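In case you want the letters, here they are:
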Amino acid sequence: MSDSILKKLEYTREMMIRSGIEHGFSNIETIRLSKKLDHLLNIYQLQNVDKMNDYNFTMENVKH
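Throughout this description, residue numbers start from 1 for each chain and increase along the sequence as written. With pLDDT at 70 or above as the cut-off, local features in this predicted model cover only qualifying residues; side-chain atom pairs require 80 or more to be listed or tallied, and sums for whole chains, interfaces and linings still use all residues. To obtain the side-chain values, all non-hydrogen atoms of the structure were included, while hydrogens and water were left out.

A. Local environment of the pattern of salt bridges. Salt bridges are defined as contacts in which a side-chain nitrogen from Lys or Arg sits within 4 Å of a carboxyl oxygen from Asp or Glu. In this structure the tally under the stated criterion is two salt bridges. With a closest N to O distance of 2.9 Å, R18 and E14 form a salt bridge. Of the two residues, R18 and E14 both sit in helix α1 (residues 2–23), four residues apart, roughly one turn of that helix. Between buried and exposed lies partly exposed: a residue is buried under 20% and exposed over 50% of the maximum accessible area for its type, with that area taken using a 1.4 Å probe on protein chains only. For R18, a relative accessible area of 39% gives the class partly exposed. Judged by its relative accessible area of 42%, E14 falls in the partly exposed class. Numbering of helices and strands runs from the N terminus, with a helix taken as a DSSP run of H or I at least four residues long and a strand as a DSSP run of E at least two residues long.

Here's what the structure looks like:
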């Protein structure tokens, strides 16, 4: 599932940048894409928080 989110993130980011360059960064479409990108980033982060917690736990065990 993370791969599909990553693809959506990359595509939305590219479209947002393109919209910003062509129409301006305060354009309604650019702002819509920016909000969509924020939403996708939040989803991605939530999906990966368990992986990061597992990694941090493992690293703590290595230190001791």
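B. The arrangement of the side chain of N48 in detail. Mapped onto the elements, N48 comes out in helix α2 (residues 28–63). The class of N48 is buried, set by a relative accessible area of 13%. In the analysis that follows, any N or O atom pair within 3.5 Å is treated as a polar contact, provided that within protein one partner can donate a hydrogen and the other can accept it, and provided that, for residues neighboring in sequence, both atoms belong to side chains. A polar contact is formed between the side chain of N48 and the backbone oxygen of Y44, at a distance of 2.7 Å.

C. The arrangement of the nonpolar core in detail. Judged by nonpolar contacts, I5, L9, M16, L33, L37 and L40 together constitute the single largest core of six residues. Where this core is concerned, the elements lending two or more residues are α1 and α2. Not counting residues within four places of it along the chain, the set of residues in contact with M16 comprises T30, L33, S34 and L37. What makes a nonpolar core is a set of buried Ala, Val, Leu, Ile, Met, Phe, Trp, Tyr and Cys residues whose side-chain atoms join them at distances within 4.5 Å. Note on definitions: a residue-residue contact is assigned when non-hydrogen atoms from the two residues lie within 4.5 Å.

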